[in-house]
Amino acid sequence: MTPWRATKDFTVAVVGGGVCGLACAIALAKEGVHVDVYETTTKFKEIGAGIGLGPNAVRVLRELGVWEDVHAASGEADLNMRVFRYISGLSDHEIFYDNILASEDHGLGIARFSLIDALLKHFDISRAHFNKRCINVSPSAANPSVQILTFTDGTTREANVVIGADGIKSTIRSIITGRSVDADVAWSNTAAYRGLVQLREAKAAGVKVDLAAGFWCFMGPEKHIVTFPIQGGNTINVVAFVTNGPEPIGLAKLPHGEPWVKTTPQSELLEAYDGWGHQVKGLLKCLHKPSKWSICAVHPHLPSYVKGNVALIGDAAHAMLTHLGGGAGQGLEDALLLARLLGAPGTNVGNLERVLRIYDGLRRPRSQNIWDRSLRAGQVYEALGEHGFNTDGVRKDLAGIFIPVWHHKLQDDIQEGYKQIRAL
Ligand SMILES: Cc1cc2nc3c(=O)[nH]c(=O)nc-3n(C[C@H](O)[C@H](O)[C@H](O)COP(=O)(O)OP(=O)(O)OC[C@H]3O[C@@H](n4cnc5c(N)ncnc54)[C@H](O)[C@@H]3O)c2cc1C
C-alpha cells in the first residue's frame, strides 16, 4: 500500500474504525484529503458473525475500488442472489413470498472480519491511531476552523473536519446533540440470537430448504429467523429474533443491567422457538453457542447529522433495525457521498461547514426513510403486517420491499451535492 498523499487545504479526523469509518477514510484519501482514523480499540476488528451486503452497498464498494478484494474475501463465486425467499416458520413451512431479483441485483454475505481485512488492503495503516477513545471535540479558540479532539489518555489532536463514525453509542453524536449518548438510543424490545451453522449439520438435522442458495426468512408471530450463506455456502449465518410484545420502539426499556451482547445457553433459544416448525427447530439445534444481542436503534430521528465542522455517518447517525439488512449499506452511502463532497473542486477550508450542511440535506432524509422501512419490515416478518399473516397478505406487504433500499441512485445525490457546492 503506497502512502496516501493529500492535495486539499484541510484535514479530516474520522473517529471510529468500523466498516463505515474505514470506508470513509479510504474514499477521502482517494479524493486527496488528508485523513486520520482514531479508534478506541487496539486494532481494527468487527464483532458479530456475517453481514449481508445488498446491491447499493456493492455499488459503493465498487466506487471505492475495493470491491474485487471484498468479493474475493467472501469466497462467493456467484454474485446473483439466486434465492430471496420468505417462508412460514410454523409447522407447514409454506412459502409466502419470493422476492424476484433483477439481474443487476448483486449482493453477498461475508464474514465481518473478512470485510474489514479486505478494506484494510486499501488503507494506509500509518493513518490509524489505536487506543484513542475520543471524549470531546471543540473548536480551537485561536482558530475556529480547527477542531480539537480530546482523548481519554489526555492527548489532543487537530483537524478541520471531524467525522463521527463511532457507532450506535456515539460520543460524537452526543457532542452534536448536546444530549447524553443514551438519550438518542432506544431498545426495540427484540433480542437477536446470532451465530454460524455448518450446512452439512443443518441438512442432517432435517433442514430441507436450500440454505446455501441465498437469503431465507422464516416468519411467525413475535419471532423470525434470517439466514444467508457465507464462505462459499458451507457456512450459514443465522440470526433468530425474539420480540417481547408489540410496544412501539422507545417505550420498552432494556431490563436493568442487561448487557447489549452476551453469550447465551442454546436452551434459551430453543425454548423461545418451542412450537415452531421442524425445520426451524432443526436449524436452531445446530446453533450451538448463540450470542444474544439486544437490538437497539437511534431513536427518535436526529434533527441534524452535522454541527459546525462535525458530521456523523453510519450507526452513529442512524443505527436502524436490521430487518432490511441495510445498516451498513446506508453507512457506506454516507461515507462515499460525504467523501465526494469534501473532495469536490469547490470545497476548501473556508466553506467546510456549508458543505457538511449539504451532506446532511442529502443523506438524512434517505437514511431515515430506510430506518422507517426497516421497522415496518420487521413488523411484517412477525405477523403484524397490514394485510394479515397469510400468503396473500404477506405478498402484498412485502412486494417491492427492497427496491427503495437497493435501487437508490446515489450518483444523482453526488451530482446534486456538486451542484450545490458550485452555488456556494
Ligand atoms: C444483529 C445485526 C445484524 C446486522 N446485519 C446487517 C446486514 O446484514 N447488513 C447490513 O448492512 N447491516 C447489518 N447490520 C448493521 C451493521 O452491522 C451496522 O450498521 C454497521 O456495522 C455500522 O458500522 P459503523 O462503522 O457505523 O459502526 P461500528 O461498526 O459500530 O463501528 C464503530 C467503531 O467506532 C469505535 N468507537 C466507538 N466509540 C469510539 C470513540 N469514542 N473513539 C474512538 N473510537 C470509537 C468502535 O470501537 C468501532 O470500531 C446488522 C446489525 C446487527 C446488530
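The name an unreviewed UniProt entry gives the protein is FAD-binding domain-containing protein, with Antrodiella citrinella as the organism.

In the vicinity of the ligand there are 30 residues, among which Glu 39, Gly 52, Arg 112, Asp 315 and Ala 328 approach most closely. Within the contact set of the ligand, a nitrogen atom lies 3.5 Å away from a side-chain nitrogen or oxygen of Thr 171. Its free accessible area being 1000 Å², the ligand has 86% of it covered by the protein chains. Broken down by secondary-structure element, the contributors of at least two residues to the shell around the ligand are helix H1 (19-30), strand S3 (50-53) and helix H10 (327-342). The element contributing the most residues to the shell around the ligand is H10, with three residues.

What follows is about the pattern of salt bridges. Evaluated as defined, the whole model comprises 13 salt bridges. Between Asp 153 and Lys 132 there is a salt bridge, with its nearest N and O atoms 2.7 Å apart. One end of the pair, Asp 153, is in the loop between strand S9 (147-151) and strand S10 (156-159); the other, Lys 132, is in the loop between strand S7 (128-129) and strand S8 (134-139), with 21 residues separating them in the sequence. With its nearest N and O atoms 2.8 Å apart, the salt bridge here joins Glu 333 to Arg 363. One end of the pair, Glu 333, is in helix H10; the other, Arg 363, is in helix H11 (residues 352-381), with 30 residues separating them in the sequence. Taken together, the salt bridges that share partners define one network made up of Glu 333, Asp 334, Arg 363 and Arg 366.

Residues Val 12, Leu 28, Ile 163 and Leu 342 are the most contacted members of the largest nonpolar core, which totals 85 residues. A per-element tally of this core places H1 first, with 10 residues. When residues of this core are assigned to domains, at least three map to each of domain 1 (11-79 + 104-184 + 299-386 + 401-422) and domain 2 (187-296). Setting aside residues no more than four positions away along its own chain, Val 12 makes contact with Leu 28, Val 33, His 34, Val 35, Asp 36, Ala 159, Val 161, Ile 163 and Leu 342. Judged by nonpolar contacts, the second largest core, of 33 residues, contains Ile 230, Val 239, Phe 241 and Ile 401.

Another aspect to go through is the packing of aromatic side chains. Taken as a whole, this structure holds 13 aromatic pairs when the rule is applied. Measuring from ring centre to ring centre gives 4.9 Å for Phe 84 and Phe 402, while their planes differ by 75 degrees; the resulting arrangement is edge-to-face. Residue Phe 84 is located in strand S4 (residues 83-88), and its partner Phe 402 is located in the loop between helix H12 (391-398) and helix H13 (403-406); the two are separated by 318 residues in the primary sequence. A connected cluster of aromatic rings, assembled from ring pairs, spans Phe 84, Tyr 86, Tyr 97, Phe 215, Tyr 381, Phe 402 and Trp 406. Looking at Lys 169, its charged tip hangs above the ring of Trp 260, at a distance of 4.2 Å from the centre. Between the NZ or CZ atom of Arg 194 and the centre of the ring of Trp 293, over which it lies, the distance is 4.3 Å.

Reading the values: the criteria
- Residues numbered from 1 in each chain as written.
- Predicted model: local features only at pLDDT ≥ 70, side-chain atom pairs only at ≥ 80, totals over all residues.
- Heavy atoms only, no water.
- Near = heavy atom within 4 Å.
- Polar contact = N/O pair within 3.5 Å; in protein donor to acceptor, adjacent residues only side chain to side chain.
- Areas by Shrake-Rupley, 256 points an atom, 1.4 Å probe, with all protein chains shown as cover.
- Helix = DSSP H or I, 4+ residues; strand = E, 2+ residues; numbered from the N terminus.
- Salt bridge = Lys/Arg side-chain N within 4 Å of Asp/Glu carboxyl O.
- Core = buried A, V, L, I, M, F, W, Y, C linked by side-chain atoms within 4.5 Å.
- Buried < 20%, exposed > 50% of the residue type's maximum accessible area, 1.4 Å probe, protein only.
- Domains from an automatic or database assignment.
- Contact = heavy atoms within 4.5 Å.
- Phe/Tyr/Trp six-rings, centres within 6.5 Å; stacked < 30°, edge-to-face > 60°.
- Lys NZ or Arg CZ within 6 Å of the ring centre and 35° of its normal.

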